[in-house]
Amino acid sequence: MLALTAAARAAVIVGATVGLLIPQKDSSWPLGSVLEEIVAGPLLGWPLVVYMDSHYGPATSLWARSGLSEVPRVLVDLTAEGAEWCERQTEAALRAEDTVHLVLLNRDWTGFFRQVAAAGCGWRPSYLLLVDATSGVSPANLLREEAFSRVVHLALLRPLPQSSAPPAVYSLFPYARFISKVFHLSYIFLGQVRRTGSWRAGTPLHGLFADRFPNFEGCEFHLATWLDDHPYLYPEDDIIGNDPDGLQVEVLNALGHVLNFTYTMTQQPPDDNWGTIENGSWTGMLGMVHRGEKDFTVNFFGYTLEKMQDFDASSSYWMEGFGLTLRAPPPLPRWRAAYYPFRITVWLCGAGAFMLVVALWGVQGGCSGGKSGPGWLYLLRPLLNSSLPRLPTSLGLRVFFATWSLSAYILTTAYTANLIAFLTVPAFPPRLKTIEDLAQSSFRVTMSDYGEFVPEALRSSPNENYLSLGRKLDLFYEYNRVLPHMKRGTHAFLESYAYSSILLVLSDYDLRETYMLKEQLYPAHLCWYFRKDSPWKHKIDEGLTRLVEAGLVEEWLKIKTSDLVGRGREAVEVGKGRKDSPLSLQHLQAAFLLLLLLSAISVLVFVIEVLLRCC
């Protein structure tokens, strides 16, 4: 292999295999001039990777021409071992999007590129230009070579047989398979290999590399899906076998209308798995795509390094993570409503302040002549909104009592206001608010085991809180075994955020009295996954990006969520509104219990007084 690199550009052009063998009858074709015009014209400034036969002297000498000698390039010998060459290259040289691969074909070009394709080293040129000077092999056989099937931009430059016309440019249109009407009178078949133009000096880059996927011309894509992914993908009316519905259906229909394709979906994967690696192989929907059984999948998947190594990911259309849902704790007992208005610390401070006031009152002489009774009873009157028999005669005691009365007024007003609220609205104990709170609590975590990456990620996470959740994670295959644990209030339910909010409303377990932590686990940008090196993926990416930028994805998501729960998404998260109702005996338990307690105390005091008088 000859390796000459340009220091300035580090250029790499993805070269197509071109068998360079120029018989005497075709020696009039000015290969050197045409190459010089191509490199100095449409490929000017592009990094180049040039594949050629080093044993073919005239071809090698082409680069000694004045117009080509300064072109930055990497020369690759087609007689070398393709697998060995591929393993030594960088990622940029194998699949950089700003690199053109130029191939001067020889008789044995197929061996090199088939070895490269079989090596699995990630060789996929974005631009591949084949130059054939022999006119001995049909363009269809050249362009349909399996090694070139994953190339995005593919072109063949070759002279027309027995003609002095400029070389023709051909390309392969994989989805061209239908008959087109000409002049409204006759029909012709547009083949997959088409002549896209002729080479002339000054031909622009798009003149060489035509758009091979202007649309998919009615192609039917087969999707690996699971119709249990609310609100993204689910059966219409939630009946298995019905037509699919959801956000992805709206997106696919919009893209299919513009790009002219149809699609089929699977109800669920055969192994009932989402998609993970087990024993070195992908399972579930991703396994179907990886094995080539399906073209791509559109279910709830986010970007992960493991998936992107084996699949092509689309542009992101939404961002979401996994939510943790807990059963809302039951309200505190109603009979405790009498002391709910104040925290324990306020009650203790109030009692301490009253005892201090009683002590200071006694030091300053008590109430005038002791005629108003014991001092603590006199000072208790402001707290009970009771009138005073008389004011203290001492000016100092009056100032002291006025200060205490103002403080007592503030305390009683605050208590009364809060008491009304606690009598009419149930009081709830504090809720868990963060993942850290959940990790440190006695709650366990439960999740349906359908092959997501989350369980393994939690158990191997370096984050202590995530690791704690992973240790407390209980997996069950079906939701009817998962949800009862949350209903009992012993587990937090782990599932994708949108799916959780819908499932808990629609389930048969009456789980509307729940709440979700605001913090989400593993929030990620959602995407579709295609087979590795799908050359037409960029068309789907362009369509997805336009739908996201137009706001249609967000709007469709809100509509589908609203259709599923019968109300807006915001109302689902907030919960059902409460209706006003009159106060019942249950609301006033504290008042009656307090009356009963104080009455018992008064009877006890009366009995003690009687006994003291009798004795």
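Residues numbered from 1 in each chain as written. Predicted model: local features only at pLDDT ≥ 70, side-chain atom pairs only at ≥ 80, totals over all residues. Heavy atoms only, no water.

Q: Honestly, the overall build of the chain in this entry has me stumped. Any pointers?
A: Each helix and strand in the chain was counted, giving 22 helices and 24 strands. Classification of the 615 residues of the chain by burial places 44% in the buried group. Taking all contacts inside the chain whose residues are at least 6 apart in sequence as the whole, residues at least 24 apart take part in 76%. Surface accessibility of the chain: about 31,800 Å² in total, with carbon and sulfur atoms responsible for 57%. (Helix = DSSP H or I, 4+ residues; strand = E, 2+ residues; numbered from the N terminus. Buried < 20%, exposed > 50% of the residue type's maximum accessible area, 1.4 Å probe, protein only. Contact = heavy atoms within 4.5 Å. Areas by Shrake-Rupley, 256 points an atom, 1.4 Å probe, with all protein chains shown as cover.)

Q: Before we go on, may I ask you to explain helix α17 (residues 479–487) in this structure?
A: Each turn of an α-helix holds 3.6 residues, which means side chains three or four residues apart point in the same direction. Taken together, the buried positions of α17 are Y479, V482, L483, H485 and M486. Along the axis of α17, the buried residues cluster in a sector spanning 155°; they form a single face. Next to the buried residues of α17 lie β18 (318–327), β19 (444–448), β20 (473–476), β21 (491–496), α18 (497–506) and β22 (514–516). Downstream of α17 by one or two residues, G489 has phi in the positive range, about 80°. (Arc of directions from axis to C-beta.)

Q: What should I look at first to understand the packing of aromatic side chains in this one?
A: To describe a pair of aromatic rings, one takes the distance between the centres and the angle between the planes. One pass over the full model with this rule turns up 43 aromatic pairs. With a centroid separation of 5.2 Å and 65° between ring planes, the pair formed by W274 and Y450 is classed as edge-to-face. With W274 in the loop between β13 (261–265) and β14 (277–278) and Y450 in the loop between β19 and α15 (454–459), this residue pair connects regions lying 176 residues apart in the sequence. Just as W274 is buried, Y450 falls in that class too. Within the aromatic cluster, the residues linked to one another by ring pairs are Y175, F213, F216, F221, F261, F296, W528, F530 and W536. A cation over an aromatic ring shows up here: R194 above the ring of F173, its NZ or CZ 4.9 Å from the ring centre. (Phe/Tyr/Trp six-rings, centres within 6.5 Å; stacked < 30°, edge-to-face > 60°. Lys NZ or Arg CZ within 6 Å of the ring centre and 35° of its normal.)

Q: Which parts of the structure should I look at to understand a nonpolar patch on the surface?
A: On the surface, L594, L597, L598, I601 and V605 cluster together into a nonpolar patch covering about 430 Å² of accessible area. With respect to the helices and strands, the residue I601 is situated in helix α22 (residues 589–614). (Patch = residues over 30% accessible without salt bridge, like charges linked within 9 Å, V, L, I, M, F, W, Y side chains within 5 Å. Salt bridge = Lys/Arg side-chain N within 4 Å of Asp/Glu carboxyl O.)

Q: Any chance you could explain the pattern of salt bridges here in plain terms?
A: Oppositely charged side chains can pair when the atoms bearing their charge come close. The full count for this structure, using the stated rule, is 14 salt bridges. A salt bridge links R95 to D533; the nearest nitrogen and oxygen atoms lie 2.9 Å apart. Of this pair, R95 sits in helix α4 (residues 91–95) while D533 sits in the loop between β24 (529–531) and α19 (537–549), placing them 438 residues apart in sequence. Residue R95 is classed as buried on the basis of its relative accessible area, which comes to 18%. Under the relative-accessibility criterion, D533 is labelled buried at 10%. Measuring nitrogen to oxygen at the nearest pair gives 3.0 Å for the salt bridge that ties D211 to K539. With D211 in the loop between α7 (205–208) and β10 (219–223) and K539 in helix α19, this pair connects stretches of sequence that are 328 residues apart.

Q: Looking at this structure, how should I read the side chain of T325?
A: With respect to the secondary-structure elements, T325 resides in strand β18. Beyond its immediate chain neighbours, meaning those up to four positions away, T325 contacts M486, H491, A492, F493, S500, L504, T514, Y515 and M516.

Q: Explanation requested: the sheet that holds strand β4 (residues 127–131) in the structure shown.
A: Across a sheet, paired strands are connected by hydrogen bonds in the backbone, their directions being either parallel or antiparallel. Read across the open sheet, the seven strands follow the order β2-β1-β3-β4-β5-β6-β9; overall the sheet is mixed. At either end of the open sheet lies a strand with only one pairing partner, and these are β2 (74–77) and β9 (193–198). This sheet shows a mean twist of 25° between the axes of neighbouring strands, independent of strand direction. Sheet topology note: the β4/strand β5 (residues 153–158) ladder contains five bridges and is parallel. Looking at the pairing, V131 lines up with L157 of β5. (Pairing = 2+ DSSP bridges. Axes fitted to C-alpha atoms, helices over the stretch in contact; angles between N-to-C directions.)

Q: Which parts of the structure should I look at to understand the pairing of β4?
A: Note on strand geometry: in a regular strand, side chains alternate between the two faces of the sheet. For β4, the buried fraction is high: five of the five residues fall into the buried class. Here β4 shows two buried faces, one formed by Y127, L129 and V131 and the other by L128 and L130. In this sheet, β4 lies alongside strand β3 (residues 100–104) in parallel orientation, the contact comprising five bridges. Across the sheet, L104 pairs through a bridge with V131, a residue of β4. Regarding topology, helix α5 (residues 109–119) serves as the crossover connection from β3 to the parallel β4, and that connection is right-handed. (Right-handed = clockwise from strand over helix to strand, strands pointing away.)

Q: Would you take a moment to explain unusual backbone geometry for this structure?
A: Following H230, the chain continues into P231 via a peptide bond in cis, with omega recorded as -5°. With respect to the element layout, P231 can be found in the loop between β10 and β11 (234–235). The phi dihedral of E217 falls on the positive side, at around 45°, and the residue is not glycine. Locating E217 in the fold gives a position in the loop between α7 and β10. Phi is positive for N260, which is not a glycine, with a value near 60°. With respect to the element layout, N260 can be found in the loop between α8 (247–259) and β13.

Q: How do you make sense of the state of the cysteines when you look at a structure like this?
A: Each disulfide consists of one covalent bond between the sulfur atoms belonging to two cysteines. Under the definition given, this model contains one disulfide. Across the disulfide, C86 is cross-linked to C121 (sulfur-sulfur distance 1.4 Å). Looking down the S-S bond of the C86 and C121 bridge, the torsion is 75°, so its handedness is right-handed. Remark: C121 occurs in the loop between α5 and β4 and C86 occurs in helix α3 (residues 82–87); sequence separation between them is 35 residues. Accessibility expressed as a relative area gives 1% for C86, which makes it buried. (Disulfide = S-S within 2.5 Å.)

Q: I would appreciate a short explanation of the confidence of the model for the chain in the present structure.
A: Close inspection of predicted coordinates is inappropriate for parts of the model with low pLDDT. In this model, the chain carries a mean pLDDT of 80, and residues with pLDDT of at least 70 account for 82%. Taken element by element, the chain is modelled with least confidence in strand β8 (residues 186–189), mean pLDDT 40, and with most confidence in strand β16 (residues 296–297), mean pLDDT 96. This stretch, residues 178–190, has a pLDDT under 50; its non-local contacts, to residues over four places away or in other chains, come to 17 contacts. Segment residues 367–372: pLDDT under 50, and eight contacts once partners within four positions in sequence are set aside and those in other chains are kept. (pLDDT = per-residue confidence, 0-100.)

Q: What is the right way to read the pairing of β21 from this model?
A: Among the six residues that make up β21, six are buried, leaving the element largely enclosed by the rest of the structure. Note that β18 and β21 share four bridges and pair antiparallel. Paired with F322 across the two strands is S496, which belongs to β21.

Q: Please clarify how the nonpolar core should be interpreted in this entry.
A: Where a protein is soluble and globular, its nonpolar side chains tend to be buried together. Formed by 75 residues in total, the largest nonpolar core has its most connected members in L324, W528 and I540. Broken down by element, the residue count for this core peaks at six residues, all from α8. Those residues within four positions of I540 in sequence are excluded, and the remaining contacts are F216, L255, L259, F261, W528 and F530. Grouped together as the second largest cluster of nonpolar side chains are 28 residues, Y51, L78, L142 and L172 included. (Core = buried A, V, L, I, M, F, W, Y, C linked by side-chain atoms within 4.5 Å.)

Q: Looking at this structure, how should I read the environment of S460?
A: Inspection of the secondary structure assignment puts S460 in the loop between α15 and α16 (464–471). As for S460 and R471, which are separated by 11 residues in sequence, their C-alpha atoms are 9.8 Å apart. A distance of 2.8 Å separates the side chain of S460 from the backbone oxygen of E456, its partner in a polar contact. (Polar contact = N/O pair within 3.5 Å; in protein donor to acceptor, adjacent residues only side chain to side chain.)

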